[in-house]
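Residue-level structural notes
Chain residues, written in single-letter form:
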Amino acid sequence: MTEPSDWTYVVTDIEVDGPWAGANSMRSFASVATTTDGRTFGEFEAVLEPLPGAAPNPRTKEWFDSEPGTWEAATADPQPVAQVMAGYVEWVRSLPGPRAFAAAPVSFDGTWIDYYLRRFTPYGLHQGPYEEDRLFHGPALCLRTYTAALTGRPPADLASPKLPPHWLGDVPHTHKAIDDARGFAHLLHFLTRTTGTPALRLEA
C-alpha cells in the first residue's frame, strides 16, 4: 500500500480562448510535478497552435485584452499541438509513480487536458478499466474541492483571488500558466500541511 506522499501530482493550469474544446483552443498550459510533502520533480510549459477550424470566443478575447500581457503570454511562439502533447506524455511518463493529475478546478482544466490527450495521443486523463497502458494511475484531484472540503466553504467561493496569498506560496496569480500552476502546487502543499488546523478557517 502506498503512502500519500508517494504519489506524484501533476498540478496543471491552462489558458484557453473560449469555453468549448474543439470550437475554441487551449492556447497554453503548464504543469508542476510535486508530492504532498513538497518534493518537486520538474515542470512542463507549452504554448500551442490553435486547433484547425477553431476560433477565439469574442467575449474571452475581450477578457484577455483587458488583462495586459496575458494574451501574449498564452500565444507567443506556439508549437504544433501533436508535438506538444507527445512531449507532455513523454514528460509525465518520466515522473515517478504512482501519478495523479491535479487542477483547480478539475472540471474545467481537466476537461480540456482530457480532450487534447484523447484527440492527439493514445491516453486520457482518467482511463477506463480496459485501458491497460495508463498515463495517470488514479482519479484526478480537484484542488478547489479539496479546499472546500477542508474549509467548509462552497467551491464557488474559492477562486484563487479569494484565497490568502500565502496559501499559494505568495506566487501571484497572473494567468500565465506556469505561474498559476506553481501557485496551485503550493496550495496542495499548504492544504496537506494544515489539514485539521485553525489555519484553514476563512472569514465569511
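Residues numbered from 1 in each chain as written. Predicted model: local features only at pLDDT ≥ 70, side-chain atom pairs only at ≥ 80, totals over all residues. Heavy atoms only, no water.

1. Quick look at the overall build of the protein
Across its full length, the protein carries six helices and five strands. Its C-alpha radius of gyration of 17 Å places the protein within 12% of the 17 Å reference for a compact globule of 204 residues. When its C-alpha atoms are laid out on the principal axes, the protein stretches across 50 × 45 × 25 Å. Across the protein, the fraction of contacts at a sequence separation of at least 24, relative to all contacts at a separation of at least 6, is 66%. (Helix = DSSP H or I, 4+ residues; strand = E, 2+ residues; numbered from the N terminus. Rg over C-alpha atoms; globule rule 2.2 N^0.38 Å. Contact = heavy atoms within 4.5 Å.)

2. Re the sheet that holds strand β4 (residues 99-103)
Spatial ordering of the open sheet is given by β3-β2-β1-β4-β5, a layout of five strands whose pairing is mixed. Strands with a single pairing partner mark the edges of an open sheet, and in this sheet they are β3 (40-47) and β5 (141-142). Of the strand pairs in this sheet, β4 and β5 are connected by two bridges, and their pairing is parallel. Across the sheet, residue Ala 102 finds its bridge partner in β5, namely Leu 141. Contacting β1 (8-16), β2 (26-34), β3 and β4, helix α3 (residues 81-94) runs over the sheet at an angle of about 175° to β3. (Pairing = 2+ DSSP bridges. Axes fitted to C-alpha atoms, helices over the stretch in contact; angles between N-to-C directions.)

3. Section: the nonpolar core
Residues Met 26, Phe 29, Met 85 and Tyr 88 are the most contacted members of the largest nonpolar core, which totals 30 residues. Listed by contribution, the elements that provide at least two residues to this core are β1, β2, β3, α3, β4 and α4 (106-120). Of all the elements, α3 adds the most residues to this core, at seven residues. If sequence neighbours within four positions are ignored, Met 26 has contacts with Ile 14, Glu 15, Val 16, Leu 48, Trp 112, Ile 113 and Tyr 116. One finds Tyr 9, Val 32, Ala 177 and Leu 188 within the second-largest nonpolar core, a separate group that totals 23 residues. (Core = buried A, V, L, I, M, F, W, Y, C linked by side-chain atoms within 4.5 Å. Buried < 20%, exposed > 50% of the residue type's maximum accessible area, 1.4 Å probe, protein only.)

4. Structural notes on the pairing of β2
Summarising burial for β2: nine of the nine residues are buried, a large majority. Taken together, the eight bridges between β1 and β2 define a ladder with antiparallel strand orientation. Note that in β2 the partner of Val 11 across the bridge is Val 32. Inspection of the sheet shows β2 paired to β3 by seven bridges, in the antiparallel sense. Counted as the bridge partner of Ser 31 is Phe 44 from β3. Here β2 folds back onto β3 in antiparallel fashion, the turn holding five residues, of which Gly 38 has a positive phi close to 100°.

5. Quick look at the pattern of salt bridges
Enumeration over the complete set of coordinates arrives at nine salt bridges. Between Arg 182 and Glu 43 there is a salt bridge; the shortest N-O distance is 2.9 Å. You can see Arg 182 sitting in helix α6 (residues 177-194) and its partner Glu 43 sitting in strand β3, a full 139 residues away along the chain. Under the relative-accessibility criterion, Arg 182 is labelled partly exposed at 33%. A salt bridge links Glu 131 to Arg 118, with the shortest nitrogen-to-oxygen separation between them at 2.8 Å. (Salt bridge = Lys/Arg side-chain N within 4 Å of Asp/Glu carboxyl O.)

6. Examining the packing of aromatic side chains
Evaluation of the coordinates by the stated rule reveals twelve aromatic pairs. Taken together, a centroid distance of 5.1 Å and an interplanar angle of 70° make the contact between Phe 64 and Trp 71 edge-to-face. The same class applies to Phe 64 as to Trp 71, namely buried. The rings of Phe 29, Phe 44, Tyr 88 and Trp 91 are connected pair by pair, giving a single aromatic cluster. Positioned above the aromatic ring of Trp 71, the side-chain terminus of Lys 61 is 4.8 Å from the ring centre. (Phe/Tyr/Trp six-rings, centres within 6.5 Å; stacked < 30°, edge-to-face > 60°. Lys NZ or Arg CZ within 6 Å of the ring centre and 35° of its normal.)

7. Focus: unusual backbone geometry
Between Gly 97 and the following residue, Pro 98, the backbone shows a cis peptide bond with an omega angle of 0°. For the peptide bond that leads from Ala 104 to Pro 105, omega is 0°, which places it in the cis range. One can find Pro 105 in the loop between β4 and α4. The phi torsion at Asp 77 lies on the positive side, around 55°, for a residue other than glycine. When you line up the elements, Asp 77 lands in the loop between α2 (70-75) and α3. Residue Asp 77 is classed as exposed on the basis of its relative accessible area of 65%. Despite not being glycine, Asp 170 shows a phi value in the positive range, around 60°. Residue classification places Asp 170 among the exposed residues on the basis of a relative accessible area of 54%.

Just distances and angles here, no functional claims.
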